[in-house]
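# Understanding the architecture of this molecule
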Amino acid sequence: MQEIRYVAIGDSFSEGVGDELPDGTVRGWADLTALGWANALGAPIAYANFAIRGKLAWPIVEEQLEPALALRPTHLSFNGGGNDMLRPRTTIESIADAFSTVLRRCDEEGVRLVLLSGANPSAQLPFRSLIQRRGDDLSRAVVARVADRPDVVRALNWPDRELSHPSFWSADRLHMNSRGHHRVAARLLGALGHPAPGEWWSMPEQSTADAVRGLAYYRAHVGPWVRRRLTGTSSGDGRMPKFGNWVTIEPAGA
């Protein structure tokens, strides 16, 4: 059996923001996938995660890709562009170029690329038509870059209409909640050839009692985002990867 060494790079989507555990740490689909993968194999796997919230596509490539490859993984997952899409001056092709660079480096290092697209939050966000259009354009551009590469593992979440339902999203409407992260992990495990626990596809809905609406939503979530854009800061400033080296993921019950 091949030893699995899986590393994730990316932004808040891959870090796991929105799937907060009781101790305040974030879990997310990549952590869940690592556990599901170990369970499916009945053997431990090595797992690392360099993703940091707020990162744009090219800084992900420039800051995370080479340290991740230096660990000599067998598989590397990459997602990016969600933060870039919200900047109209950033071209779709420049974001897609980042995906091509990751693929080229994975080829050079003999690493299998696992390609994900983020889920579509546009229905519940301001400027929904712009976000929908930009997301559609990015999804097409990235898929075109790997059209002739059946060896690239694909877990495309943008077209999943069910995943766009508010019950899969956290209070900020931009990051998935635990229910959403479980569904993404289920799709990725399937793409890797392993069945996910059936309940991961549609976990019980979470309470929305604490959700803020109307002007309160803009004050709590949109305002801070705008301030970061105006001041050139990021929610990920000063953060370190949660797993910057290998951790061993044992099968449940091992």
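Provided above is the structure to which this section pertains.
Residues numbered from 1 in each chain as written. Predicted model: local features only at pLDDT ≥ 70, side-chain atom pairs only at ≥ 80, totals over all residues. Heavy atoms only, no water.

## Let's talk about the packing of aromatic side chains
Operational definition: Side-chain rings of Phe, Tyr and Trp (the six-membered ring for Trp) are treated as a pair once their centres are within 6.5 Å; stacked means planes under 30 degrees apart, edge-to-face means over 60, and tilted covers the remaining angles. Labels follow the DSSP assignment, with helices taken as runs of H or I lasting at least four residues and strands as runs of E lasting at least two, numbered in each case from the N terminus. Summary of the burial criterion: residues with accessible area below 20% of their type's maximum are buried, those above 50% are exposed, and those between are partly exposed, where the area comes from a 1.4 Å probe applied to protein chains only.
Inspection of every chain in the model, using the stated rule, returns five aromatic pairs. On the basis of an interplanar angle of 55° and a centroid distance of 5.7 Å, the ring pair of Y6 and W37 is categorised as tilted. Here the residue Y6 occupies a position in strand β1 (residues 5-9), and W37 occupies one in helix α2 (residues 29-41), the gap between them amounting to 31 residues. Classification of Y6 as buried rests on a relative accessible area of 1%. Measuring from ring centre to ring centre gives 4.6 Å for F78 and F99, while their planes differ by 55°; the resulting arrangement is tilted.

## Brief notes about the side chain of R183
This is how the line gets drawn: Definition of a polar contact: a pair of N or O atoms within 3.5 Å, with one able to donate and the other able to accept a hydrogen when the atoms are protein atoms, and with sequence-neighbouring residues admitted only if both atoms are side-chain atoms.
Assignment of secondary structure puts R183 in helix α7 (residues 178-191). A distance of 2.7 Å separates a polar side-chain atom of R183 from the backbone oxygen of W201.

## Structural notes on the pattern of salt bridges
Short version of the rule: Definition used for salt bridges: Asp or Glu carboxyl oxygen within 4 Å of a side-chain nitrogen of Lys or Arg.
Scanning the model with the defined rule gives 18 salt bridges in all. Residue E93 pairs with R145 through a salt bridge whose shortest N-O separation is 2.7 Å. Remark: R145 occurs in helix α6 (residues 128-145) and E93 occurs in helix α5 (residues 92-109); sequence separation between them is 52 residues. For E93, a relative accessible area of 46% corresponds to the partly exposed category. Residue R187 is joined to D160 by a salt bridge in which the shortest nitrogen-to-oxygen separation is 2.9 Å. Placement of the pair is R187 in helix α7 and D160 in the loop between β5 (153-156) and α7, with a sequence separation of 27 residues. The same class applies to R187 as to D160, namely buried. Within this structure, E66, R104, R105, E108 and E109 form a network of salt bridges that share partners.

## Here we look at the sheet that holds strand β3 (residues 75-78)
Going by this rule: Pairs of strands are assigned from DSSP output, requiring at least two bridges between the strands. Comment: axis = line fitted to C-alpha atoms, over the contacting stretch for helices; angle = value between 0 and 180 degrees taken between N-to-C directions. By definition, residues are in contact when any of their heavy atoms lie within 4.5 Å.
Across the sheet, which stays open at both edges, the six strands sit in the order β5-β4-β3-β1-β2-β6 with mixed pairing between neighbours. Only two strands of the sheet have a single partner each, and these edge strands are β5 and β6 (243-249). Strand-to-strand twist of the sheet, defined as the mean angle between neighbouring strand axes without regard to direction, takes the value 20°. Alignment of strand β2 (residues 45-49) against β6, held across four bridges, turns out to be antiparallel. Considered in β6, the bridge of N49 is made with F243. Lying on the sheet, α2 is in contact with β1, β2, β3, β4 (112-117) and β6; it crosses β2 at an angle near 175°.

## Points about the environment of P73
Turning to its location among the elements, P73 is positioned in the loop between α3 (57-70) and β3. When its relative accessible area of 4% is taken as the criterion, P73 is described as buried. In contact with P73, other than residues within four places in its own chain, are R5, V7, A68, V111 and W246.

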